[in-house]
Amino acid sequence: MAVVELDYQNLPGDDVFSGIDRLFFIPTAALAGRQEENRAVIEAAAKSGVGYLIYLSFINSPEFPGNPLAVDHIVAEKDLEANAGDMKVLALRSGYYFENFAAAIGDATTLGKVFSASKDGVISQAARADMAEAGANLLLADAPKTGVVTFVGESLTKEQMATKVGEAAGKDVALVELEPEQLKEGMVGAGVPEFVADVFTKVDVETRDGALQSDSTELAEALGRAPKTFDEFIREFLAQ
Ligand SMILES: NC(=O)c1ccc[n+]([C@@H]2O[C@H](COP(=O)([O-])OP(=O)(O)OC[C@H]3O[C@@H](n4cnc5c(N)ncnc54)[C@H](OP(=O)(O)O)[C@@H]3O)[C@@H](O)[C@H]2O)c1
């Protein structure tokens, strides 16, 4: 197997993916400047003659354009459609990773608090490794799926997550429900850059309206088994 290092911001040419039949494109997690990178990779894949492209997108992106985490993926999915041609394309809309909650677990176990502005909004999520394994299974499938697939495992409110962390850690963990401005101020006060605090506060607000919620069963289907639960994730995390 050959490993080639590429910088999405500076691809060496339009034929950079020549000889690759199936490509799984994971965009970066940058909060700015991603749209051009994504377009360059998608266009190069089409020009290189890639047969099947899976783009890692984000849950419910088109339905929630106000979610700052969705914006670049909405654009990329349009680029995908515009460049498809003979290339089969799939937008793999992944839900939140359990791992995104790692920092909050620290607060939960040390302060006994989880801070939120998402009220009773539900977050449909799964372990990152399960998302990766299921994505690889789709990439290698005999009959490549096209269109849109949504990967989620367990659906929980922040309050349910806080309770589960408390149970696993053997501590009282309370959910502290804040107004969006208070949440943002708290993050900034804890050293989070204002731009980043603004993004994640908006995500909490969008979560109230269902931006991170789905009842899709496609993750379990692609895995051929039940995905890891949040309880299992927390116990493994706390045991590290
Ligand atoms: N986190 C979630 O819950 C979630 C859910 C759904 C979708 N997504 C999407 O998944 C994508 C990745 O998110 P993540 O949380 O997995 O982020 P991540 O862990 O930071 O992974 C991003 C990857 O991109 C690589 N990278 C950074 N700059 C690059 C460049 N210029 N050229 C090529 N590769 C570059 C990084 O390589 P290095 O490690 O070498 O820097 C890293 O392997 C994002 O688009 C995000 O929106 C995330």
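Before any of the text, the structure's been laid out above.
Here the structure is a predicted model, which is why all the values come from computation and not from measurement.

Of all hydrophobic cores here, the largest spans 23 residues; its most connected members are Tyr96, Phe101, Val165, Leu212 and Phe230. Elements supplying a minimum of two residues to this core: helix H3 (102-111), helix H5 (158-169), helix H7 (194-208) and helix H9 (230-239). If near-sequence neighbours (up to four positions away) are discounted, leucine 212 is found in contact with Phe58, Ile59, Asn60, Asn67, Tyr96, Val122, Ile123, Ser124, Val203 and Thr207. Judged by nonpolar contacts, the second largest core, of 17 residues, contains Leu11, Ala44, Leu53 and Ala84.

We now examine a negative patch on the surface. Together, Asp120, Glu159, Glu177 and Glu179 give the surface a local cluster of negative charge. Following the sequence through the fold, glutamate 159 ends up in helix H5.

This brings us to the packing of aromatic side chains. Applying the stated criterion across every chain yields a total of 8 aromatic pairs. Considering the side-chain rings of phenylalanine 233 and phenylalanine 237, the 5.9 Å spacing of their centres and the 40 degrees angle between planes classify their relative orientation as tilted. Linking phenylalanine 233 with phenylalanine 237, this pair stays in helix H9, spanning 4 residues, or about one helical turn. When its relative accessible area of 7% is taken as the criterion, phenylalanine 233 is described as buried. An aromatic cluster is defined as three or more aromatic residues linked by ring pairs; in this entry it consists of Phe98, Phe101, Phe230, Phe233 and Phe237.

So, about the packing of H5 against H9. As a packed pair, H5 and H9 sit with axes 10 Å apart at the nearest point and diverge in direction by 45 degrees. Considering their axes alone, H5 and H9 lie oblique with respect to each other. As H5 packs across H9, the resulting crossing turns out to be right-handed. On H9, the residues that touch Met161, Lys164, Val165, Glu167, Ala168 and Ala169 of H5 are Phe230, Asp231, Ile234, Arg235 and Leu238. When its residues are assigned to classes, the contact of H5 with H9 shows 7 nonpolar, no polar and 4 charged.

Our focus in this paragraph is the sheet that holds strand E1 (residues 22-25). Strand pairing in a sheet takes place through backbone hydrogen bonds and is either antiparallel or parallel in direction. Here we have 4 strands laid out as an open sheet, ordered E1-E2-E3-E7, and parallel in their pairing. Only two strands of the sheet have a single neighbouring strand rather than two, namely E1 and strand E7 (147-151). Across this sheet, the average inter-strand angle for adjacent strands is 20 degrees, counted without regard to direction. Two elements, strand E3 (residues 88-94) and E7, share 5 bridges in a ladder whose sense is parallel. Opposite arginine 93, over in E7, you have threonine 150 as the bridge partner. The sheet strands contacting helix H2 (residues 71-83) are strand E2 (52-58) and E3, and the helix crosses E2 at an angle near 160 degrees. On the sheet, helix H4 (residues 128-140) packs against E1, E2, E3 and E7 and is oriented at approximately 155 degrees with respect to E1.

A separate point is the site of the ligand. Residues in close proximity to the ligand total 18 residues, the closest being Asp7, Arg34, His73, Asn100 and Arg128. Within the side chain of asparagine 100, one N or O atom sits 2.7 Å away from an oxygen atom of the ligand. Residue arginine 128 places a side-chain N or O atom 2.7 Å away from an oxygen atom belonging to the ligand. Here the ligand has 890 Å² of accessible area as a free molecule, and 60% of this is covered by the chains. Classifying every residue of the shell around the ligand gives 9 nonpolar, 6 polar and 3 charged.

The next thing to look at is the layout of surface pockets. Each pocket or cavity is described by its volume, and for the largest pocket that value is around 1400 Å³. Together, 45 residues line the largest pocket, and Leu69, Tyr96, Asn100, Phe101 and Phe200 are the ones closest to its centre. Here the element with the most residues in the lining of the largest pocket is H7; it accounts for 5 residues. Considered class by class, the residues forming the lining of the largest pocket number 29 nonpolar, 10 polar and 6 charged. The volume enclosed by the second largest pocket comes to roughly 350 Å³. Around the second largest pocket, the lining is made up of 13 residues, and of these Val4, Leu6, Phe17, Ile20 and Leu23 lie nearest the centre.

Another aspect to go through is the side chain of threonine 157. Mapped onto the secondary structure, threonine 157 falls in strand E8 (residues 154-157). The exposure class assigned to threonine 157 is buried, which follows from its relative accessible area of 14%. Residues within four places of threonine 157 in sequence aside, it is in contact with Asp120, Gly121 and Val122.

Cut-offs used in this document
- Here the residue index of a chain counts from 1 through its sequence in written order.
- In view of the model being predicted, local features appear only for residues whose pLDDT reaches at least 70, and side-chain atom pairs are presented and counted only at 80 or more, with totals across whole chains, interfaces and linings using the full set of residues.
- Calculated side-chain values reflect all of the structure's heavy atoms, with hydrogen atoms and water omitted.
- Take the buried Ala, Val, Leu, Ile, Met, Phe, Trp, Tyr and Cys residues and link them wherever side-chain atoms come within 4.5 Å; each set so joined is a nonpolar core.
- Using a 1.4 Å probe on the protein chains alone, a residue whose accessible area is under 20% of its type maximum counts as buried, one over 50% counts as exposed, and one in between counts as partly exposed.
- A helix here means a DSSP run of H or I that spans at least four residues, while a strand means a run of E at least two residues long, and both kinds are numbered starting from the N terminus.
- Note on definitions: a residue-residue contact is assigned when non-hydrogen atoms from the two residues lie within 4.5 Å.
- Residues forming no salt bridge and having over 30% relative accessible area are the ones grouped into patches, like charges within 9 Å of each other and nonpolar side chains (Val, Leu, Ile, Met, Phe, Trp, Tyr) within 5 Å.
- Only the protein chains shown count as cover for residues, and the accessible areas themselves come from Shrake-Rupley with a 1.4 Å probe.
- Salt bridge, as applied in this entry: a Lys or Arg side-chain nitrogen positioned within 4 Å of an Asp or Glu carboxyl oxygen.
- We count Lys and Arg on the positive side and Asp and Glu on the negative side, and we leave His and both chain ends out.
- Throughout, a charge is located at the NZ atom of Lys, the CZ atom of Arg, the CG atom of Asp or the CD atom of Glu.
- The pairing test for Phe, Tyr and Trp rings, Trp by its six-membered ring, is centres within 6.5 Å, and the orientation test on the planes gives stacked under 30 degrees, edge-to-face over 60, and tilted for anything in between.
- Helix axes are fitted only over the stretch in contact, all axes being lines through C-alpha atoms; the angle between N-to-C directions runs from 0 to 180 degrees.
- Geometric relationships in this document are graded by angle, where less than 35 degrees denotes roughly parallel, more than 145 denotes roughly antiparallel, 65 to 115 denotes roughly perpendicular, and other angles denote oblique.
- Crossings are sorted by hand: turned counterclockwise from the far helix by less than a right angle, the near helix makes the crossing left-handed, and turned clockwise it makes it right-handed.
- Residues are sorted three ways: Asp, Glu, Lys and Arg are charged, Ala, Val, Leu, Ile, Met, Phe, Trp, Tyr, Cys and Pro are nonpolar, and all the rest, Gly among them, are polar.
- DSSP bridges decide pairing: two strands pair if at least two such bridges lie between them.
- Near is defined per residue: the residue qualifies when any heavy atom it owns lies within 4 Å of the molecule or strand.
- Contacts described as polar in this section are N or O atom pairs within 3.5 Å, which, within protein, must combine one atom able to donate a hydrogen with one able to accept it, while residues neighboring in sequence count only if both atoms come from side chains.
- Each cavity reported here is a set of points on a 1 Å grid over the protein atoms alone in which a 1.4 Å probe fits but cannot get out, each pocket an open set with protein on both sides within 12 Å along at least five of seven lines, and each lining residue one with an atom within 4 Å of a point.
- Grid points are joined across faces, edges and corners, and a volume is the space filled by probe spheres set on the points.

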